[in-house]
Structure formats: structure tokens, C-alpha cells
Amino acid sequence: MKAVVTVMPKPAILDPAGVATGQAMEHLGLKGVRSVRIGKSIEIEVDGADEKQLHEICHDLLSNPVVEDYKLEILS
Amino acid sequence: MAPIMKVAVIQFPGSNCDTDCQAALASFSGVRAEIVWHKETSLAGYDAVVLPGGFSYGDYLRCGSIARFSPIMGAVRVAADSGVLVLGICNGFQILCEAGLLPGTLMRNNGLLFRCERLQLRVENTDSPFTSVLHQGQVLDIPIAHGEGNYFADPETLAQIEANNQILVRYCDASGNVTPEANPNCSLGNIAGICSHGRNVFGLMPHPERVCDPILGGIDGRGIFQSMIEAVTKAKA
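From a predicted model like this one, the values you see are computed outputs, not experimental measurements.

Rules used in this analysis
Residues numbered from 1 in each chain as written. Chains lettered and ligands numbered in written order. Predicted model: local features only at pLDDT ≥ 70, side-chain atom pairs only at ≥ 80, totals over all residues. Heavy atoms only, no water. Contact = heavy atoms within 4.5 Å. Buried area = accessible area lost by both parts, 1.4 Å probe. Salt bridge = Lys/Arg side-chain N within 4 Å of Asp/Glu carboxyl O. Polar contact = N/O pair within 3.5 Å; in protein donor to acceptor, adjacent residues only side chain to side chain. Helix = DSSP H or I, 4+ residues; strand = E, 2+ residues; numbered from the N terminus. Nonpolar A, V, L, I, M, F, W, Y, C, P; charged D, E, K, R; others polar. Pairing = 2+ DSSP bridges. Right-handed = clockwise from strand over helix to strand, strands pointing away.

Student: Sorry if this is basic, but what is going on with the interface of chain A and chain B here?
Tutor: Frequently, the measure chosen for interface size is the accessible area removed from exposure when the parts meet. At the junction of the two partners, chain A supplies 15 residues and chain B supplies 14 residues. Counting each side, the surface lost to burial between chain A and chain B is near 1100 Å², with a carbon and sulfur contribution of 68%. When residues of chain A are sorted by the area they lose upon contact with chain B, P16, L61 and V66 of chain A head the list and together hold 37% of the total. Between chain A and chain B we count 1 salt bridge in total. The interface formed by chain A and chain B includes 6 residue pairs in polar contact (both at pLDDT 80 or more). Sorting the residues of the side of chain A that touches chain B by element identifies α1 (16–27), β2 (40–45) and α2 (51–62) of chain A as the ones contributing at least two each. Residue composition of the side of chain A that touches chain B, by class: 10 nonpolar, 2 polar and 3 charged.

In C-alpha cells:
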């Protein structure tokens, strides 16, 4: 099984790294930067896992539910 | 003679304040501090557990997120549930939050900088086994050294820990005023350290073990360890 997990800071959480990166984009001439948010993308290849198990891993290990949301996509 | 307080200092791969904690603890008479490797699965016989600072597992994924699943953490949970004192310093605080033994989490410092400096903490509450020999409003001079110390909890959790007096120390200025300027990382409410609902688990970002000997420039960290010793002594009496 191949899966991609995307972990993002929750919308209400300030992402200072995203803000700083957005400012750098403006320095490079990009106009009208409204929001930049930085998360992680985790690619997984695993034999014999079921989706429920992967969701548990996403919730318990790959994301911190206090401040982050995750999205699990099963590719194949 | 048997020690009054036997402490396990947990060593994770990447811990780097473990021997500092051991040395600070050993400077108190009646204390025996032993390094316990994270692959161990029992903490039987210990009166207290310290999760030291450092960069467990290289801080990969999130600070403390992998250490939280180390074999020893099952025993730390059992110890915490049975009332044993558990102190998490810096990375140890992050691990306790990841493990759910303390509420909330520690995010990247708002200014994105790793802050390594001395600053002041105000003692908010002395009704705990970690602050009992201190007095309310006392200002402690204790260093920080972290990049992820920005304490965050959702509003309901924050209201709960406030109501239960779980906030034990806040960042303050030299006169003890809790101000935005004294906050090194944008922690909610200048929170530097909180205890559990049961009060026997305490996590803080500053490093009390680094100010336990005048030769290191201060002794303001000693009160926290002294409080633990008194609590253990009282419990055994």
C-alpha cells in the first residue's frame, strides 16, 4: 500500500514560519501574498496495513491533534 | 544508609541534560540519582522520575513525538498514575505533553529563534510537590535553552488548568511582572511550566538543573528539587 499523509497546522494556529516565508516571497516581488502555511508531507509504503491502523498512526504519531490536522490519501 | 529519594533520570537517544540533572540531584544529601536507558520497561523502586532536556530522536517529526513511544514511557505512565513524582525539563516537558501526561503542547517559538539565555520566572502556585518550599510570587532566575517552547492549549483546556491552579511558573521581568516583553516564545499567558491535575507531574521549559551550584552562577533551581525531596520524605514518614 502507498499512502501520503499531509499534516498542516490547524487554521486557528499562527504559523510563524509560514508568515516569515510569506514575507520573503514579497521581498522576491510576489504581490498580494495573503497566507502561507507550512506543513509536512509524509510518504508511506507499507505491506498489509489497513486504513484504520494508518489513521491511528496519523492521529497518535504523525500529527499532534492539539495544533495540527492531517489528511490521509491512499494512493494504491 | 538507604537514600531518602531515589530518582530515575531517563536517558533517550539525544538527551543531553541527563548527567546535568543527575549531578544536580546528587548534590542534595539523601538523594540517589540513576540514569535509566529508555529501553527499560520498569521504574519500580524509584520515588521520582526526571525526563531531562535535549533533543530526543533528533527532534524528528516533532519534539518529543518519537520519545513518547519509547519502551520506558509505559513505566513512566504507570509511575505517574500511581502518584510518583515526574519532572519533565525542556525536552522532557515536550515529551510529557506528547504523551498526554500534561495538557497542551509546545510549539515553535514565535520569533523562530532558539533562545538560550537567563530569564526570570514567577512562582504562581506553591501547592505542589515541586514548588512547596518556594513562596508565591517569588522570582527565580533560571535559564532557558529551546526553540520549541511556545506553550499552547485550546481555550477550554487553558481555562481548566487556570481554574485548577496547574500553572506553577510564568515568565516575568526582574520585578516579577508578567509582561509580553518578558515572554521569550509567545507562550499563552507567559506559561513556563504546568503540573498535572493530580499535581505529581510537572513540566517546565527552563532548566533548574543548570542553576543548582554557585559555580554555575546561581542556585535558584534548587528549590524545585528540594520541594520534591520534602514531598517524598513526607510521603514516606
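Student: Help me understand the pairing of strand β2 (residues 31–37) of chain B, please; the structure alone is not making it clear to me.
Tutor: For a regular strand, the rule is simple: side chains alternate between the two faces of the sheet. Residues and elements named next belong to chain B. Sheet analysis places strand β1 (residues 5–11) next to β2, joined by 7 bridges and oriented parallel. Counted as the bridge partner of Q11 is W37 from β2. Note on the crossover from β1 through helix α1 (residues 18–26) to β2: the handedness is right-handed.

Student: How should the environment of E43 of chain A be read in this particular structure?
Tutor: Mapped onto the elements, E43 of chain A comes out in strand β2. A sequence separation of 14 residues divides E43 of chain A from I57 of chain A, and the C-alpha atoms of the two residues are 13 Å apart.

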